[in-house]
Amino acid sequence: MKLLVTGGAGFIGSNFIRYVLNKHEDYTVVNLDKLTYAGNPDNLADLEKDPRYVFVKGDIAHKELVSMIVRQMEIDVIVNFAAESHVDRSISDPGIFVQTNITGTQVLLETARENKIKKYVQISTDEVYGSLGETGYFTEETPLAPNSPYSASKAGADLLVRAYYETYGMNVNITRCSNNYGPYHFPEKLIPLMITNAVEGKTLPVYGDGLNVRDWLHVTDHAAAIDLVIRDGRPGEVYNIGGHNERTNLDIVRAILDKLGMGHERIQFVADRLGHDRRYAIDPAKITAELGWKPQYTFETGLAETIDWYLANRDWWHRIRTGDYQKYYSKQYGER
Ligand code: NAD
């Protein structure tokens with residue numbers, strides 16, 4: 001099977017590529033990634049010599065490039081991870097989110113259609129469903145109600161994927177997952193930000209009252225779910241993927257400090273994010289029943305392993321934190 005994986009130099013895409021190449025000897029992967037601030041070739045340095053892996057630097061919205069790759073490499077399946085993915089950045093600069101997340105997806109779909117590829121899988125997010133109250137779960141039938149420019153752009157892309165199924169009968173799937181965590185997670189996101197700040201002796205900034213709830217999924221469990229969807233997902237179906245690990249942001253930050261043996265006085269509450277969704281929680285019953293998927297990690301084991309990974313891989317995140325990211329960090333949270 002020949003996969004075109006887009007955005008494979010990012011957090012989830014790089015973990016997914018490593019997962020499928022380890023699992024399936026007969027798979028080859030072309031990774032098309034623009035290498036934005038979030039794309040880091042270091043994430044896949046261990047695969048550089050693997051003949052089954054090819055990296056191409058480029059934009060998913062570049063039609064000629066995408067068509068050339070699909071034709072020359074005889075791609076069977078496209079898995080689209082490429083996205084602008086950070087909610088805070090979408091609030092300060094929404095335009096690029098529309099360009100990459102919507103236009104880029106349309107270019108991939110059109111190329112898939114023209115070349116009659118076997119399957120197209122869109123990696124989406126539970127954020128397209130909006131925010132939940134204190135109870136209930138997002139199912140695949142929950143209406144789309146995105147609240148941030150990021151989630152609106154992802155919802156727009158999902159609707160295009162649906163339209164390519166309804167209009168052209170293309171074999172597509174959409175997966176919507178909860179918050180991922182694990183190795184190679186860019187240190188602007190909650191868990192790695194808190195771990196790396198704690199290790200560097202900084203304060204740990206928590207939005208609002210810290211009681212926003214997210215449902216956490218280990219990135220390897222997510223990769224396993226996508227692998228199943230590629231092989232067995234029914235055409236046109238949406239699959240929600242979540243680990244039933246609901247935690248408040250404050251719970252997470254406290255758990256990180258506890259594991260590192262540090263006091264909670266380092267937590268600093270900062271002004272809440274605009275339009276901050278209160279709670280997300282996924283019901284993964286469909287993918288469990290249809291494809292037999294179940295998460296392997298408990299949150300406690302996964303978080304402990306993730307903290308250990310960041311402690312053992314300081315060079316990886318140190319390089320990121322001393323680069324351009326630093327400027328963004330100062331603008332977002334002020335100098336500290
Ligand atoms: P990420 O920001 O770590 O990686 C995104 C990758 O896409 C980067 O390597 C970047 O260089 C690349 N990219 C950006 N624009 C591109 C373009 N125009 N052309 C080619 N490549 C481009 O993101 P992630 O956390 O790995 O998320 C991957 C996907 O999963 C995204 O589609 C995101 O919406 C979705 N998702 C993520 C989470 C999460 O918890 N991280 C949760 C739900 C859904």
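Remember, it's a predicted structure, so these values are computed and weren't measured experimentally. (Residues numbered from 1 in each chain as written. Predicted model: local features only at pLDDT ≥ 70, side-chain atom pairs only at ≥ 80, totals over all residues.)

**A word on the domain arrangement of the protein**
Here's step 1: Domain assignment breaks the protein into domain 1 (2-181 + 217-241) and domain 2 (190-214 + 245-274 + 298-333).
Here's step 2: The distance between the C-alpha centroids of domain 1 and domain 2 comes to 26 Å.
Here's step 3: Domain 1 puts 10 residues into the contact, and the matching count from domain 2 is 11 residues.
Here's step 4: Those elements giving two or more residues to the side of domain 1 that touches domain 2 turn out to be helix 3 (87-92) and strand 7 (179-181).
Here's step 5: Counting residues per element, the side of domain 1 that touches domain 2 draws most heavily on helix 3, which supplies 3 residues.
Here's step 6: Partitioned by chemical class, the residues of the side of domain 1 that touches domain 2 number 4 nonpolar, 4 polar and 2 charged. (Domains from an automatic or database assignment. Contact = placed C-beta atoms within 7 Å. Helix = DSSP H or I, 4+ residues; strand = E, 2+ residues; numbered from the N terminus. Nonpolar A, V, L, I, M, F, W, Y, C, P; charged D, E, K, R; others polar.)

**What to know about the site of the ligand**
Here's step 1: Around the ligand, the surrounding shell holds 31 residues, and the nearest of these are G7, G10, A38, G39 and A83.
Here's step 2: Secondary-structure elements contributing two or more residues to the shell around the ligand are helix 1 (11-23), strand 2 (28-33), helix 4 (95-114), strand 5 (119-125) and strand 7.
Here's step 3: Residues that form the shell around the ligand fall into these classes: 14 nonpolar, 12 polar and 5 charged. (Near = placed C-beta within 6 Å.)

**Topic: helix 5 (residues 149-168)**
Here's step 1: In this model, helix 5 (20 residues) spans 28 Å end to end at C-alpha, consistent with the 28 Å of a helix rising 1.5 Å per residue.
Here's step 2: For helix 5, the full list of buried residues reads P149, Y150, S151, A152, S153, K154, A155, A157, D158, V161 and Y164.
Here's step 3: On its buried face, helix 5 sits against helix 3, helix 4, strand 5 and strand 6 (172-177).
Here's step 4: Taken from the residues just after helix 5, G169 is the one with a positive phi, measuring 65 degrees. (Expected span 1.5 Å × (residues − 1). Buried ≥ 20, exposed ≤ 12 C-beta atoms within 10 Å, placed from the backbone.)

**Notes on the UniProt feature "domain: NAD(P)-binding" (unreviewed entry) in the protein**
Here's step 1: Taking the numbering used here, the UniProt-annotated feature "domain: NAD(P)-binding" (unreviewed entry) corresponds to residues 4-306.
Here's step 2: Secondary structure content for residues 4-306 is 39% helix and 18% strand, while the C-alpha to C-alpha distance between its ends is 28 Å. (UniProt positions renumbered as here; feature names shortened; annotations may be inferred.)

**Observations regarding the confidence of the model for the protein**
Here's step 1: Residue-level pLDDT values for the protein average 94, and 96% of them are 70 or greater.
Here's step 2: This prediction of the complex comes with two scores: 0.94 for pTM and 0.99 for ipTM. (pLDDT = per-residue confidence, 0-100.)

**Observations regarding the nonpolar core**
Here's step 1: In terms of nonpolar packing, the biggest core is built from 79 residues, with L4, V79 and M194 touching the most fellow members.
Here's step 2: It is helix 7 (residues 219-232) that provides the largest number of residues to this core, a total of 7 residues.
Here's step 3: Looking at which domains feed residues into this core, each of domain 1 (2-181 + 217-241) and domain 2 (190-214 + 245-274 + 298-333) gives three or more.
Here's step 4: Residue contacts for M194: discarding those within four places in its chain leaves L204, V253 and I256. (Core = buried A, V, L, I, M, F, W, Y, C linked by C-beta atoms within 7 Å.)

**Quick notes on the environment of T111**
Here's step 1: By the secondary structure assignment, T111 is in helix 4.
Here's step 2: According to the C-beta neighbour criterion, T111 is buried, with 24 such atoms within 10 Å.
Here's step 3: Separated by 33 residues in sequence, T111 and I78 have C-alpha atoms that sit 9.9 Å apart.

**Focus: the sheet that holds strand 4 (residues 77-80)**
Here's step 1: Strands sit in the order 3-2-1-4-5-6-10 across an open sheet of 7 strands; the sheet is parallel. The sheet is open, and its two edges are formed by strand 3 (53-57) and strand 10 (238-241), each paired on a single side. For this sheet, the mean inter-axis angle between neighbouring strands, taken without regard to orientation, is 20 degrees.
Here's step 2: Both strand 4 and strand 5 contribute to a ladder of 4 bridges, which runs parallel. Paired with I78 across the two strands is Y120, which belongs to strand 5.
Here's step 3: Running at roughly 170 degrees to strand 2, helix 1 makes contact with strand 1 (2-6), strand 2 and strand 3 of the sheet. (Pairing = 2+ DSSP bridges. Axes fitted to C-alpha atoms, helices over the stretch in contact; angles between N-to-C directions.)

**Focus on the packing of helix 1 against helix 7**
Between two packed helices, the angle of one axis relative to the other and the distance separating the axes together describe the packing.
Here's step 1: Contact geometry of helix 1 with helix 7 gives a least axis separation of 9 Å together with a crossing angle of 60 degrees. Judged by the inter-axis angle, helix 1 sits oblique to helix 7. For the pair helix 1 and helix 7, the sense of crossing is right-handed. Contact with helix 1, carried on its side by F11, I12, N15, F16, Y19, V20 and K23, involves V219, T220, H222, A223, A224, I226 and D227 of helix 7 and no other residues of that element.
Here's step 2: Class assignment for the residues of the contact of helix 1 with helix 7 results in 9 nonpolar, 3 polar and 2 charged. (Parallel < 35°, antiparallel > 145°, perpendicular 65-115°, else oblique. Left-handed = near helix turned anticlockwise from the far one by under 90°.)

**Description of the sheet that holds strand 11 (residues 246-248)**
Here's step 1: Read across the open sheet, the 3 strands follow the order 7-9-11; overall the sheet is mixed. In the strand order of this sheet, the two ends are held by strand 7 and strand 11, each with one partner. Along the sheet, successive strands turn relative to each other by an average axial angle of 50 degrees, direction set aside.
Here's step 2: Alignment of strand 9 (residues 213-218) against strand 11, held across 3 bridges, turns out to be antiparallel. Following the sheet pairing, R214 is matched in strand 11 by R247.

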